[in-house]
Amino acid sequence: MTDDVRTIVLGLIAAGAGAALGWLVRGHLWKRRLRRKQAFFGLPDNSESLLVVNRDAGGPELAVKRHDVFALLELSALVKDCGAHAQIVAHDTARQGFGERTEFCVGGPAANRRMAAHMVSLLPGIRVNTDPEPGPDRGAFQVGPERYRLEPGIAEHVVLARLTAGQAGEARPVFLFCGQLPITHQAATRYLARHHERLARKHGSGSFVLLLKVVNSGAYGPDVVELVADVTRAAQAPLPAPATQRTSHRAG
């Protein structure tokens, strides 16, 4: 074997070894990234999850508003990427606790009984004005002492939360997407899909509650989303009872 041939052979071996090593490294990084994603969403291989959604008012069974459908599509893609399975259920048929399966609950408390129950038991520091009568505070969020009003098409708010029961890591999480309008649910699920790695680095497997604002949805749809604040502490601290309730208690 001449020196030139030996050089070519050694070069081919080195190139092959480098390609194999690169493939192994990329595969290892991909698997590690997948495991982190599965841990954050509580979705190991072949696990089951629930997508809980409210029915469209007056519609047939599981008739869902358009933007809520888009939100479900975003979540379904996340579940599939984790190698897990999703079951879509209506809010009034999901009669079970949480922790055994990851749950994604979409909708406001006025139309979603499951969301209303979660807000009362898990986020007592957030109050949503569900009064059907028109007024400046209709649909407003109160988070601790702060109030966030709804401005349709201009500024609409949504709560994005990851919550766990018991010790973090032992129970599967529940994700809440509670917005002032359906378009905010799509915006929040898209925000989660885009930023889950950063959220996992910051919060690990623990709970968090974020207040997001959808900006000028009349022009930009659900694409422009701002983080208003991390309201985890305020959301989990019970609000004082309304003045009328305190008065009635004193009168009794």
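1. Side note on unusual backbone geometry
Unusually for a residue other than glycine, N46 sits at a positive phi of about 65°. Along the chain, the position of N46 falls in the loop between α1 (3–41) and β1 (48–53). Of note, N216 is a non-glycine position whose phi angle comes to about 50°, a positive value.

2. Describing the packing of aromatic side chains
Tallied over the full model, the rule gives 6 aromatic pairs. Measuring from centroid to centroid gives 6.3 Å for F41 and F104, while their planes differ by 45°, and the two rings are tilted. Within this pair, whereas F41 is found in helix α1, its partner F104 is found in strand β3 (residues 102–106), the two being separated by 63 residues in sequence. The two residues F41 and F104 agree in class, both being buried.

3. Focus: the nonpolar core
If you look at the biggest cluster of nonpolar residues, it comprises 25 residues, and the most contacted ones within it are F41, F104, F177 and L192. Looking at this core, the elements with two or more residues in it are α1, β1, α2 (66–81), β3, β7 (155–163), β8 (174–179), α4 (182–203) and β9 (208–215). At 5 residues, α2 tops the list of elements feeding residues into this core. If you look at the next biggest cluster of nonpolar residues, it comprises 23 residues, including C105, M119, Y148 and V159.

4. Thoughts on the sheet that holds strand β5 (residues 141–143)
If you walk across this open sheet you meet the 3 strands as β4-β5-β6, and the pairing is antiparallel. Single-partner strands in this sheet number two, and they are β4 (126–128) and β6 (146–148). Adjacent strand axes in the sheet meet at a mean angle of 20°, parallel and antiparallel pairs treated alike.

5. Overview of the sheet that holds β3
Pairing within the open sheet is mixed, and its 7 strands lie in the order β2-β1-β3-β8-β7-β9-β10. Two strands bound the open sheet, and with one partner strand each, they are β2 (85–90) and β10 (225–230). Taken over all neighbouring pairs, the strand axes of this sheet differ in orientation by 20° on average, direction set aside. The pairing of β1 with β2 spans 6 bridges and is classified as parallel. The partner of E48 across the bridge, within β2, is H85. Sheet contacts for helix α3 (residues 113–122): β1, β3, β7 and β8; angle to β8, the most-contacted strand, approximately 105°.

Criteria and cut-off values
- Residues numbered from 1 in each chain as written.
- Predicted model: local features only at pLDDT ≥ 70, side-chain atom pairs only at ≥ 80, totals over all residues.
- Heavy atoms only, no water.
- Helix = DSSP H or I, 4+ residues; strand = E, 2+ residues; numbered from the N terminus.
- Phe/Tyr/Trp six-rings, centres within 6.5 Å; stacked < 30°, edge-to-face > 60°.
- Buried < 20%, exposed > 50% of the residue type's maximum accessible area, 1.4 Å probe, protein only.
- Core = buried A, V, L, I, M, F, W, Y, C linked by side-chain atoms within 4.5 Å.
- Pairing = 2+ DSSP bridges.
- Axes fitted to C-alpha atoms, helices over the stretch in contact; angles between N-to-C directions.
- Contact = heavy atoms within 4.5 Å.

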